[in-house]
Every structure is written in C-alpha cells, then in structure tokens.
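What the coordinates show
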Number of protein chains: 4
Amino acid sequence: MTTKAVFLNCSLKKSSEQSNTEALFKKVKHHFDQEGIVTESIRIADYQIAKGISEDEGAGDEWPILFEKIKHADIVIMGTPLWLGEKSSIATNVMERLYGGSSLTNEKGQYLYYNKVGGVVITGNEDGAKHAASSILYGLSHIGFTIPPNVDTYWVGEAGPGASYIEGNGMENSFANEHAKIMAYNLIHFSRILKETPIPNEGNVVSS
Amino acid sequence: MTTKAVFLNCSLKKSSEQSNTEALFKKVKHHFDQEGIVTESIRIADYQIAKGISEDEGAGDEWPILFEKIKHADIVIMGTPLWLGEKSSIATNVMERLYGGSSLTNEKGQYLYYNKVGGVVITGNEDGAKHAASSILYGLSHIGFTIPPNVDTYWVGEAGPGASYIEGNGMENSFANEHAKIMAYNLIHFSRILKETPIPNEGNVVSS
Amino acid sequence: MTTKAVFLNCSLKKSSEQSNTEALFKKVKHHFDQEGIVTESIRIADYQIAKGISEDEGAGDEWPILFEKIKHADIVIMGTPLWLGEKSSIATNVMERLYGGSSLTNEKGQYLYYNKVGGVVITGNEDGAKHAASSILYGLSHIGFTIPPNVDTYWVGEAGPGASYIEGNGMENSFANEHAKIMAYNLIHFSRILKETPIPNEGNVVSS
Amino acid sequence: MTTKAVFLNCSLKKSSEQSNTEALFKKVKHHFDQEGIVTESIRIADYQIAKGISEDEGAGDEWPILFEKIKHADIVIMGTPLWLGEKSSIATNVMERLYGGSSLTNEKGQYLYYNKVGGVVITGNEDGAKHAASSILYGLSHIGFTIPPNVDTYWVGEAGPGASYIEGNGMENSFANEHAKIMAYNLIHFSRILKETPIPNEGNVVSS
C-alpha cells in the first residue's frame, strides 16, 4: 500500500520561477524518496484558485483538481514564504479552501481529513516562521488532520533585509536539515501507524 | 495499563476561587471518567512556579513537582482564560517551563514528550480562543507532543464585555459540548494507539 | 482641506453580495459623514489584484487603481471577515501589496504612508477578531501608518456555528457601536493633528 | 516640560544578570539621551508582580509602584525576549496588569493611556519578533496608547540554536540600529505632538 504525500507550495511565484520554499522541501522529500513515499509537489500559483469557502466555486475554479489530489494523499504539507511575518495570501487561500471541505465526512462519519497527517515548510529572508507554522498547523488540526511532533521545518535569516534560503546558504543550515529529517520521518511514522490503526470513530462522529 | 491525563489549569485565580475554564474542562473529564482515564486537575496558581527556561530553577521553585506529574502523564491538557485575546501569563509561564524540559530525551533518544498527546481548553467572556489554541497547540507540537485532530475546546461569548462561561450559560452551548466529547475521545484514541505502537525512533533521534 | 477615508473591504464576496463587514463599517461611516469626511468604500473582490510584492505586477493587475486611491487618502481602514480565526486571503493579499509600496518615500524622505492613519473593521460569526486586528494593525504600523488608540471595531458571536453580524443582530451590539464611534473620532482627530503638524523628518529619513 | 520614557524590560532574568533586550534598548536610549528625554529602565523580574486584572492585587503586589511610574510617563516601551516564538510570561503579566488599569480615565473622560505613546524592543536568538511585536503593539493600542509608525525594534539570528544579540554581534546589525533610531525619533515626535495637541475628547469619552 503506497503512501502518498502532496506538497502545496504557496509561493507567490509560478513554477517558472525558482522557489526557496521548494528548495527546503526537497530536503524533506529526500527522506520520502528513501522510504518509498510517492510525492507530488504542486505550485499553487500555477492554478486559478477561486476565493470562497466551498469545495467548488464554479466558473473556472481549479481548486477541485487540487482537492482531488488532497483527498487521495496520506500526508499533506503546506509550504509558504513569509511577508510581514506571516504566511502568504496564497497559503491563506488554500487554508480557506481546505476549510471549505472540512464538513465532508469519511465512510465512518468522521471529518474527511481524519487519518491524514499534516506538516509545514517555511522560508523567509527573516523572522515569522513560528507564527506562520502555528497558524497553519492549528488550522490543519482544527479541520481534522493529525499533527505529529516536530513537523515544522523552516529557515529564516538574521533580522533585516538579506538573502533568502538558497542565496543565504540555508541549505547548509544544520538545524533546518535535522528538522527536515525529523519531520519527514514523523510524517511517515504517523501515516503508517494510522493506516494500520485508523482513528476509531467512537466519540468523534459529527452530528449532521 | 492505566491511561493518565493531567489538566494544567492556567487560570489567574487560585483554587479557592471558581474557574470557568475548570467548568469547561469538566465536560471533557466526564468522557475521561466514562472511559476509565485517571485524571488530575492542577490549578497552577496554587504553586510557586519560577520564571526561567530549565527543569528546576531552585530556591522554592515548585515546577519540579508538576514536571514529575507531566512526565508520568499520557495526556496533557492546557487550560487558559483569555486576556486581550491571548492565553494567560500563567499559561505562558507553563509553556516556557515545558520548553525547558524539551531537550531531555526518552530511553529511545527521542524528545521526552514523544508518545504524549496534547490538547487545550479555553474560556473567555469574548474573543481570542483560536489564537490562544493556536499558540498552545503549536508550542506543544514543537516540543514533541502529538496533536490529534480537534483537540481544542473553547467557549467565548459575543463581542464586548459580558458574562463568562458559567454565568453566560456556556455549559449548554452544544458546539462546546460536542467539541469536548470529540477532544476527549481523540485524546484517548491517540493515547491508546501510541501505547500500542510507540513512535519508532528512526529518523527522529536527537543529535546531542 | 478635505479629509479622505478609504475602506478596503476584504470580504471574499463581490459587491453583488451583501457584506457583513460593510454593514459594520457603515456604523463608522455614519460618524465620518457627520464630520464631513469624504469616504470611499472599495470591495476588493471586484478587482483583479495580482499576487506579488511590488507596486504593479503588470498584465491586468488592478492594484495600481487602488494604490492611487490609497496614496490620496488620509485614513485607510482595512475590513475583513474571519475564517479559521484569521483575516481573509484577500486581506492578506492587500497587506502584501501595501507592503510592496512601503519602500516608496514622500517628499521629505520618509516612508510613503507617514502621516496616514490606519484602522480595522472585522466581522465573523465567531472568534478571531483580536488576532486579525493585531495582524493588520501591526502590519500597517510596520510600513508607516500611525495607529491611534482604539481603532479596532469588531463583532463576533458566541462560540460555534451561528449567525453573522446582520442576521445575528450585531447592529444593536452596544460595544461594537461605541467602538465604531471611538474609532471614527480617533481616526479623524489624528488625521487632523497630522495635517496640522506632520511628522518631522528628523531621525526617520530612510537610507537609500 | 520634560518628556519621560519608561522601559519595561520583561526579561526572565533579574538585573543581576545581563539582558540582551536591555542592550538593544540602549541603542534607542542613545537617541533619547541626545534629545533630552528622561529615561528609566525597569527590570520587571526584580519586582513581585501579582497575577490578576486589577490595579492593585494587594498582599505584597509591587505593581502599584510600577503603575505610578507608567502613569507619569509620556513614552512606554515594552521589552521582551522570545521563547517558542512568543513574548515572555513576564511581558504577558505586564500586559495583563496594564489592561487592569485601562478602565481608569483621565480628567477629560478618556482612557488613562490616551496621549501616551508606546513601542517595543525585542531580542531572541531566532525567530518570533514580529509575532511578539504584533501582540504587544496591538495590546497597547487596544487599551489607549498611540502607536507611531515603525516603533518595533528587534534582533533575531538565523534559524536554529545560536548566539543571542550581544554574543551574536547584533549590536552591529545596521537594520536594528536604523530601526532603533527611527523608533526613538517617532516616539519623541508623537510625544511632543500630543503634548502640544492632546487628543480631543469628542467622540471618545467612555460611557461609565
């Protein structure tokens, strides 16, 4: 039984441009590859994602394409850059759309995202990673994802204007590299544990 | 094998005074009782908890008493009131002290809090619950706790000055009651799952 | 000398749909009208605002239209609904674009937004207003706006699913109404004070 | 007419120990000294500050000593270190106590803190400064302080464990130094502006 991971890269840039967040995610993906996890990385800016709080906003909304991938994933990782110390507007848009699907239930009557595990990868030239991680991991947990320990991997530079992850030599930051490894393995461990022992539906079936 | 839960009630008031947060926690505890979970509720304001970032600040510091209880618990629930839309200073103090113990490792070389699950109970007369939940759940996750889905139970009233949980009839709020139940059961489920299948130590042993 | 206020309504809905945040803003506008402030309310969802961190992202980007209005305003009020306890993705987009213009300077060499005053209006069916207010007011302050006291007006209902501002009878909430008045007057007072006594440029001219 | 500034240093350490946040504040104070501002720096950890939400919690509470100094100050600057990406428990305690005095009014019927200006100085070995600044500046604004532009000065190092401000050579960080200067001057400018033109009490007199 294959384990599938999707990385939702919420960079403001399309995939025609280099993404620092993608570069840090590759550190996580390296361990996924070694463990045989099938990984797909999606640059959200390449899609037309409508604003709204529903599964499908119609009229050119491409969220349903992504939602389908998310439904089939065991591991969902949000990626975001930092602006004004916060996650990007695209990350906020994705969280709103994930929330829009949160009232759906699985075959056991639990929220749709039960038995899926979530994590986050963040890069910025300076400050804001923990705030963005806190926002995203809480949001995921609130709509049904499981959050294993230590699933926030980030790199930021010293206070003030400065180089981003790639240019700032972040790829050699031992803290970020160690966390990328711990995060990858804890996502894998929990994904496997929850495949073997799905969350029982006692006490958590949603009233309709 | 008994499952133990500790509730760290970070009300600014000592146990000689009524706590709204305690009252909401009792909704969670009701389900713990039914499932045979051994629960201890601790009013942090009754103890002298020193400021600092270590396991023991010496000189009258009573944190080691609480830390011992936390070490033996399977489920740790933070409880907090809201002031200016944020968790209390006592809750911040407890998070700092929990962080102070986060570099300790278990017999497998993982962070001490691995295989423990965390949740949060919040009351306020108005606004701030999700921000406080986000802060606390992220902090717990960052130091090694597992965060099951939907483990934030809260009650707040309409915007503006007004009655708190007990006086404001929050005990009959069906949203808070349903979440207390889901939270209790998901904490129990994950605690049992992790007793049966502890997190493997592949990839997450901390470098010393 | 006319005082101009712009309201940037970051509802996820276009102006063809009713906005609760607009309804609360009207409480603020009522006082602006009485004091002869010229007010323009803009529904951001009606415009094509590109993603990015610059003044003009080209290719159909309609931000420059709004940026021109903002440049000529004395008072800028952000409006946002709440999702997952946070400001909307459109509000995040607007903050990013405002930030994109923050390196511009006025004729005295200060950041462009100096001598402009900022405030925020928030509605949600429940919880999150203070977190969103904190995020927006900090962002505005960080890029050069002055934040007078008590310029956050909000309405949220009791915890859990429920009616929004209009349907939930928020228009009669005396706390929200009093704050709408205090906010309106403090924005007017500071706007007038800063017209009479602009911020001297000693010590705050930006190095180029 | 002398302008008075108080710096509330919320380090977890007493003044017998070196404070990185104090060291960064000295960069701000340098400009205060040049402009003849009378400055007092208070290490909160040296005092017994009770928990609670009132002006005086009795029984050894030393907050009233500090509150008296704050009442006579024109400029109030909060200082805090970072733990888990957030302001310290002592800073949270101080914000709660400041809030406890916020219902008092001045001779014109406005909140007590009207015509006072607020700012924040933050140091940490890594990440969290903007989140802490956002929390503190919003809290101050919400209880009546004026927040001039760019009054958040901070230093943090690159992601991961590492040296703090002094040891990490933060004192030579040009971004932090420039912001210390802008912050100092904007606090002085607004303090002088509000002495000359206090906030009129039209529209902002609090209902009793």
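Residues numbered from 1 in each chain as written. Chains lettered and ligands numbered in written order. Predicted model: local features only at pLDDT ≥ 70, side-chain atom pairs only at ≥ 80, totals over all residues.

**Observations regarding the interface of chain A and chain B**
Quick note on the threshold: What counts as a contact is two residues whose backbone-derived C-beta atoms lie within 7 Å of each other. Each helix is a run of DSSP H or I of at least 4 residues and each strand a run of E of at least 2, with the numbering of both proceeding from the N terminus. All residues other than Ala, Val, Leu, Ile, Met, Phe, Trp, Tyr, Cys, Pro, Asp, Glu, Lys and Arg, Gly among them, are scored as polar; the first ten of these are nonpolar and the last four charged.
Chain A puts 33 residues into the contact, and the matching count from chain B is 33 residues. In terms of residues, the side of chain A that touches chain B owes the most to one element, helix 5 (residues 174-196) of chain A, which gives 8 residues. Here the side of chain A that touches chain B is built from residues that sort into 15 nonpolar, 14 polar and 4 charged.

**As for the relation of the copies chain A and chain B**
Condition: Alignment of the copies relies on least squares applied to C-alpha atoms, considering only residues that score at least 70 for pLDDT in both.
Least-squares fitting of chain A to chain B yields an RMSD of 0.0 Å, with the superposition described by an axial translation of 0.0 Å and a rotation of 180°. Taken together, these values place the two copies in the relation of a two-fold axis. Residue Ile147(A), judged by its C-alpha, is the member of chain A lying nearest the rotation axis, at 2.5 Å. Comparing interface residues between copies, 100% of those in chain A also lie at the interface in chain B; the contact surface is shared.

**Things to note about the relation of the copies chain A and chain D**
When chain A is fitted to chain D, the residual RMSD is 0.0 Å, and the transformation amounts to a turn of 180° plus an axial shift of 0.0 Å. Comparing interface residues between copies, 100% of those in chain A also lie at the interface in chain D; the contact surface is shared.

**A look at unusual backbone geometry**
So the rule is basically this: Around each residue's C-beta, the other C-beta atoms within 10 Å are counted; 20 or more make the residue buried, 12 or fewer make it exposed, and counts in between make it partly exposed. All C-beta atoms are placed from the backbone.
Even without being glycine, Asn169(B) reaches a positive phi, approximately 65°. One can find Asn169(B) in the loop between strand 5 (152-157) and helix 5 (174-196). We note that Asn150(D) has phi near 55°; this positive angle belongs to a residue other than glycine. Along the chain, Asn150(D) turns up in the loop between helix 4 (129-142) and strand 6 (152-157). Given 26 C-beta atoms within a 10 Å radius, Asn150(D) is considered buried.

**Overview of the packing of helix 1 (residues 20-34) of chain D against helix 5 (residues 174-196) of chain D**
All names here are of chain D. Cut-off, in case you're wondering: For every element, the axis is a line fit to its C-alpha atoms; helices are fit only across the contacting stretch, and the angle between N-to-C directions ranges from 0 to 180 degrees. An angle counts as roughly parallel when it lies under 35 degrees, as roughly antiparallel when it exceeds 145, as roughly perpendicular when it falls between 65 and 115, and as oblique in every other case. Crossing chirality is assigned from the near helix's rotation relative to the far helix, an anticlockwise turn below a right angle marking it left-handed and a clockwise turn marking it right-handed.
Contact geometry of helix 1 with helix 5 gives a least axis separation of 8 Å together with a crossing angle of 45°. Between helix 1 and helix 5, the angle is such that the two are oblique. Handedness of the crossing formed by helix 1 with helix 5: right-handed. Taking contact as the criterion, the partners of Leu24, Lys27, Val28, His31 and Phe32 in helix 1 are, on helix 5, Ala176, Asn177, Ala180, Lys181, Met183, Ala184 and Tyr185. Here the residues of the contact of helix 1 with helix 5 are counted per class, giving 8 nonpolar, 2 polar and 2 charged.

**Some points on the interface of chain A and chain D**
When the parts of a complex come together, some accessible area is lost, and that lost area is often taken as the interface size. Counting from both sides, the interface comprises 17 residues of chain A and, opposite them, 17 residues of chain D. Broken down by secondary-structure element, the contributors of at least two residues to the side of chain A that touches chain D are helix 4 (129-142), strand 6 (152-157) and helix 5 of chain A. Of all the elements, strand 6 of chain A adds the most residues to the side of chain A that touches chain D, at 4 residues. For the side of chain A that touches chain D, a count of residues per class yields 8 nonpolar, 6 polar and 3 charged.

**Describing the pairing of strand 2 (residues 38-43) of chain A**
The following threshold applies: Whether two strands pair comes down to DSSP finding at least two bridges between them.
Relative to strand 2 of chain A, strand 1 (residues 4-9) of chain A is paired through 6 bridges, and the arrangement is parallel. In the sheet register, Asn9(A) faces strand 2 of chain A, and the bridge partner there is Arg43(A).

**Points about helix 1 of chain D**
An α-helical turn contains 3.6 residues, so a residue and the one three or four places further along point in the same direction. All names here are of chain D. Short version of the rule: Expected helix span is given by 1.5 Å per residue-to-residue step, counting one fewer step than there are residues. We define the bend at any residue as the angle between the axes fitted to the seven residues before and including it, ending there, and the seven starting there.
Between its first and last C-alpha, helix 1 extends 22 Å over 15 residues, near the 21 Å set by a 1.5 Å rise per residue. At lysine 27, helix 1 is bent by approximately 30°, the largest bend along its length. Restricting attention to buried positions, one finds in helix 1 the residues Asn20, Thr21, Glu22, Leu24, Phe25, Lys27, Val28, Lys29 and Phe32. Contact partners of the buried residues in helix 1: strand 1 (4-9), strand 2 (38-43), strand 3 (75-83), strand 5 (117-126), strand 6 and helix 5.

**Structural notes on the sheet that holds strand 1 (residues 4-9) of chain B**
All names here are of chain B. On the basis of which strands lie adjacent, the open sheet formed by 5 strands has the order 2-1-3-4-5 and parallel pairing. The sheet is open, and its two edges are formed by strand 2 (38-43) and strand 5, each paired on a single side. The mean angle between the axes of side-by-side strands here comes to 15°, regardless of whether they run parallel or antiparallel. The pairing of strand 1 with strand 3 (residues 75-81) spans 5 bridges and is classified as parallel. Bridge pairing in strand 3 places alanine 5 opposite isoleucine 75.

**Some remarks on the environment of Glu22(C)**
Residues and elements named next belong to chain C. With respect to the helices, strands and loops of the structure, glutamate 22 is situated in helix 1 (residues 20-34). Separated by 59 residues in the primary sequence, glutamate 22 and proline 81 have C-alpha atoms spaced 9.9 Å apart. In contact with glutamate 22, other than residues within four places in its own chain, are Asn9 and Ser41.

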